[in-house]
Amino acid sequence: MPNQPSISRLLTVWLSGGLLVFWLIAVGLGVYVMQDEFGEIFDSSLQETAERLAPLVVDDLFLRDDNTATRQLESLYGTMPDEYLTYQVRDASGRVLLHSHNVAADPYPAPLKAGFWEDEHRRIYTVSAVSGTVFVQVADSLDHRKEAATEGGFALLLPGLLLLPLSVLAVIYIVKRAVRPVDQLRQAISSKDSGNLSEIELDRMPVELQPIMHSVNLLLTRLRGALEAERELTANSAHELRTPIAGALAQTQMLISELAQSPAQPRAMQVESALQKLATLNERLLQLARAEAGIGASGNAVDLAPILDLVVEEFDRRDSSGRLIYQRDAGLSLIKPANPDAFAIILRNLIENALLYGAADAPVHIEMGQGGAITIRNKASAMSDEELAHIRRRFVRGDNTKPGSGLGLAITERLLAQMNARLELSSITTEAGQSLFQAKIAF
Amino acid sequence: MRVLLVEDDAILGDAVKAHVASLGHAVDWVTTLEDASVSLRAVTYSLMLLDLRLPDGSGLTLLRDMRGREDATPVIILTAHDQISDRIEGLNCGADDYLVKPFNLGELTARMGAVARRYARIPSTFLCLGELKVQPTERRILRKGEDIALSGREWAVLDTLLARRTAIVSKSQIEEALYAFGAEIESNTVEVYVSRLRKKLGREVIETLRGVGYRIKVDDVKAD
């Protein structure tokens, strides 16, 4: 999901970006402060040089007879490449009396006034001597200072360029570690469904996430309670509804036997028939209520194959016509996270449909194959895809002349969806030209 | 058979009792677990029809108690709980069969017959007693294709003998079966009903072991 916002990505990008910006600001401030400090140091050494040079120069001038010509002092060590300091000794008229070997005889543009002066090339410090008749001016090239500042700046920047990628990696690692509890909580929440509503229990959950976990657990408890209440209501309703119907049906059947040969017997049989329909409809509505309550899903995986055996046996005992032909290879299991009661409802509906809507004289084949697919096949008229889609709808029956509620397939589909399974309906024609209706449960 | 019906719903209980009685069985009907426990301790029943949700508790508690004290009385659960887990729990507790309400009385008859056959170790649906063909679950006896009608008490005596057909049945065991019909038991009551049965079925069918009891002579067991 590349377009979905991610806390990890946001934190990584913003923290790395922030780190870079603050690092650059720190380097900038460092360079600024360093340049200022360097200026002070250079100025101090410039001033010290001028002040120490002045007595020597004055002494030298007084020892000489002729001071009319400008003299250049030769270097004792030859010309050095990194010589930045130069000096001139000037008289009150501005004439250069003496200058260092690495400067021209042209006077500095600085005025003959004690103190610092600066142009775009150099910074000059002037001291006066002999009652303001002799001036010693020491100049320092600004390139020198710029070079020092640049080298200092690089010295600050270069480690940063190396450390920055490491910092980004550290940020990614820290963010991942920091959001791991969020991820654990997300996974724990996403694993919850109607089959698993147990409370989330995660160790060492950060304090920031504990209220969320507490709220989710509270919600799960309430949801579990509501679903339990709904299921209990359905179970109680089943008892409360089935018992009076059972009483009425049993009394009616007794009445029918007691009214043998009486003209009232057909009427009693109509009452029995109506009660049978009521019982069937009641059964379907209870199943629908259970399906709507989400009983299909389960957190525990169980073997559903024995449930299939039990349901088929149940029908075998009820229906003595021997129409059911059941085939399940020995040892074949079907272990799925599904509710056994819901699975039994599904099987009952599909088998009942096959017995009810299939040709009365034809067998119903129930098979469980490799991979756990269960197929129920019965002889029936060929159906188009539209008709197959139509009978999946609620209160729609495949054959309106047959009794039924039209809810069986809808209930089955709903429960299978809760089990992450699907119902495949198909109308197939055998090589012998026989039309069969097939319902397949595919996990 | 003597049947104990444990059902708290008056309408259903009344109909089931009438139906089971119409099949020729003696029925004691109680509506609570406590009454059922008292009945079970006082009388030996051939079958119990047990509802699960009763005013004073679950029928499964009674069933567990029975099986715990090795009471092997056959039990068919009659319940509104239709879930497969309820069925498995019921069968695990020791029930022989499980019938979900609402049910057809015909289905109840078939289940009762199946359970009775299983306990009497009769794998088929009819027995041959000489020239007689007996279908206990159908309450039918045929001699050369003709029905022989027996009263409820006569069936009770015959059922008792058939249920223990490889063994000798004592006079007191037959008396107990007759008590369920509210019959006044006198010293010769058993002899009277055995005599009636012999008259209808033939003298050779029931053997008297003087001072010990009676035994029925089953020639063959056949499937339909």
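Structural data are supplied above this passage.
Residues numbered from 1 in each chain as written. Chains lettered and ligands numbered in written order. Predicted model: local features only at pLDDT ≥ 70, side-chain atom pairs only at ≥ 80, totals over all residues. Heavy atoms only, no water.

Asker: Give a description of the overall build of chain B that names residues and reports values.
Answerer: Of regular secondary structure, chain B possesses eight helices and 14 strands. Within chain B, the fraction of its 224 residues that count as buried is 54%. Here the contacts in chain B between residues at least 6 apart in sequence split such that 58% fall between residues at least 24 apart. (Helix = DSSP H or I, 4+ residues; strand = E, 2+ residues; numbered from the N terminus. Buried < 20%, exposed > 50% of the residue type's maximum accessible area, 1.4 Å probe, protein only. Contact = heavy atoms within 4.5 Å.)

Asker: Could you give an account of the packing of aromatic side chains, naming the residues involved and the relevant values?
Answerer: Residue and element names in this part refer to chain A. This structure, assessed with the given rule, holds three aromatic pairs over all chains. Ring centres 4.5 Å apart and planes at 55° place the aromatic pair Phe-116 and Tyr-125 in the tilted group. Residue class for Phe-116 comes out partly exposed when judged on its relative accessible area of 33%. Note on Phe-343 and Phe-443: the rings are 6.3 Å apart at their centroids and 45° apart in plane angle, and the pair reads as tilted. Separated by 100 residues along the polypeptide, Phe-343 in helix 6 (residues 340–357) and Phe-443 in the segment after strand 13 (435–442) bring together distant segments of the chain. (Phe/Tyr/Trp six-rings, centres within 6.5 Å; stacked < 30°, edge-to-face > 60°.)

Asker: Go over the environment of A:Asp319, please, and point to the residues and values.
Answerer: All names here are of chain A. With respect to the element layout, Asp-319 can be found in the loop between helix 5 (305–318) and strand 8 (324–328). In this structure Asp-319 comes out as partly exposed when scored by relative accessible area, which is 26%. In sequence terms Asp-319 and Leu-355 are 36 residues apart; their C-alpha atoms lie 9.5 Å from each other.

Asker: I'd like a rundown of the interface of chain B and chain A, residues and numbers included.
Answerer: Between chain B and chain A, the contact holds 24 residues from the first and 30 residues from the second. For the chain B and chain A pair, buried surface summed over both sides reaches about 2,400 Å², with 55% attributable to carbon and sulfur atoms. At the boundary of chain B with chain A, the tally comes to three salt bridges. Among the ionic pairs, B:Asp82 bridges to A:Arg290, the shortest N-O distance being 3.0 Å. Put simply, chain B and chain A have twelve residue pairs in polar contact (both at pLDDT 80 or more) between them. Of all the secondary-structure elements, those providing two or more residues to the side of chain B that touches chain A are helix 1 (10–22), helix 4 (84–92) and helix 5 (105–120) of chain B. (Buried area = accessible area lost by both parts, 1.4 Å probe. Salt bridge = Lys/Arg side-chain N within 4 Å of Asp/Glu carboxyl O. Polar contact = N/O pair within 3.5 Å; in protein donor to acceptor, adjacent residues only side chain to side chain.)

Asker: Any chance you could break down the pattern of salt bridges for me, citing the residues and the numbers?
Answerer: Residue and element names in this part refer to chain A. Tallied over the entire structure, the rule returns 31 salt bridges over all chains. Arg-145 is the salt-bridge partner of Asp-43, the closest N and O atoms lying 2.6 Å from each other. Here Arg-145 lies in helix 2 (residues 142–190) and Asp-43 lies in helix 1 (residues 7–63), a separation of 102 residues in the sequence. By relative accessible area, Arg-145 is classed as buried at 13%. For the salt bridge of Glu-367 with Arg-377, the shortest nitrogen-to-oxygen distance reads 3.1 Å.

Asker: Please set out a nonpolar patch on the surface residue by residue, giving values where relevant.
Answerer: All names here are of chain A. A surface patch of nonpolar side chains, amounting to about 610 Å² of accessible area, comprises Leu-20, Trp-23, Leu-24, Leu-163, Leu-166, Leu-169 and Ile-172. Looking at the nonpolar patch, the elements that each hand over two or more residues are helix 1 and helix 2. Of the residues forming the nonpolar patch, the biggest block, four residues, is contributed by helix 2. Considering the arrangement of structural elements, one finds Leu-20 in helix 1. (Patch = residues over 30% accessible without salt bridge, like charges linked within 9 Å, V, L, I, M, F, W, Y side chains within 5 Å. Areas by Shrake-Rupley, 256 points an atom, 1.4 Å probe, with all protein chains shown as cover.)

Asker: An account of helix 8 (residues 189–201) of chain B is requested, with residue identities and associated values reported.
Answerer: Residues and elements named next belong to chain B. In this model helix 8 runs 18 Å from its N-terminal to its C-terminal C-alpha over 13 residues, within 8% of the 18 Å that 1.5 Å per residue would give. Within the span of helix 8, buried status applies to Thr-189, Val-190, Tyr-193, Val-194, Leu-197, Arg-198 and Leu-201. Elements that come into contact with the buried residues of helix 8 comprise strand 9 (132–135), strand 10 (140–143), helix 6 (152–163), helix 7 (171–179), strand 12 (206–209) and strand 13 (213–216). With its phi angle positive at about 120°, Gly-202 sits one or two positions after the end of helix 8. (Expected span 1.5 Å × (residues − 1).)

Asker: Let's hear about the sheet that holds strand 2 (residues 26–30) of chain B: which residues, and what values?
Answerer: What holds strands together in a sheet is hydrogen bonding between their backbones, with the strands either parallel or antiparallel. All names here are of chain B. Across the sheet, five strands lie side by side as 2-1-3-6-7; this open sheet has parallel pairing. Looking at the sheet topology across the chains shown, the edges are occupied by strand 2 and strand 7 (97–100). Direction aside, the axes of adjacent strands within the sheet are offset by 20° on average. Relative to strand 7, strand 6 (residues 75–79) is paired through four bridges, and the arrangement is parallel. Looking at strand 7, one finds that Ile-77 is bridged to Tyr-98. Relative to the sheet, helix 4 contacts strand 6 and strand 7, its axis offset from that of strand 7 by approximately 145°. (Pairing = 2+ DSSP bridges. Axes fitted to C-alpha atoms, helices over the stretch in contact; angles between N-to-C directions.)

Remember that the coordinates give geometry; whether it matters functionally is a separate question.
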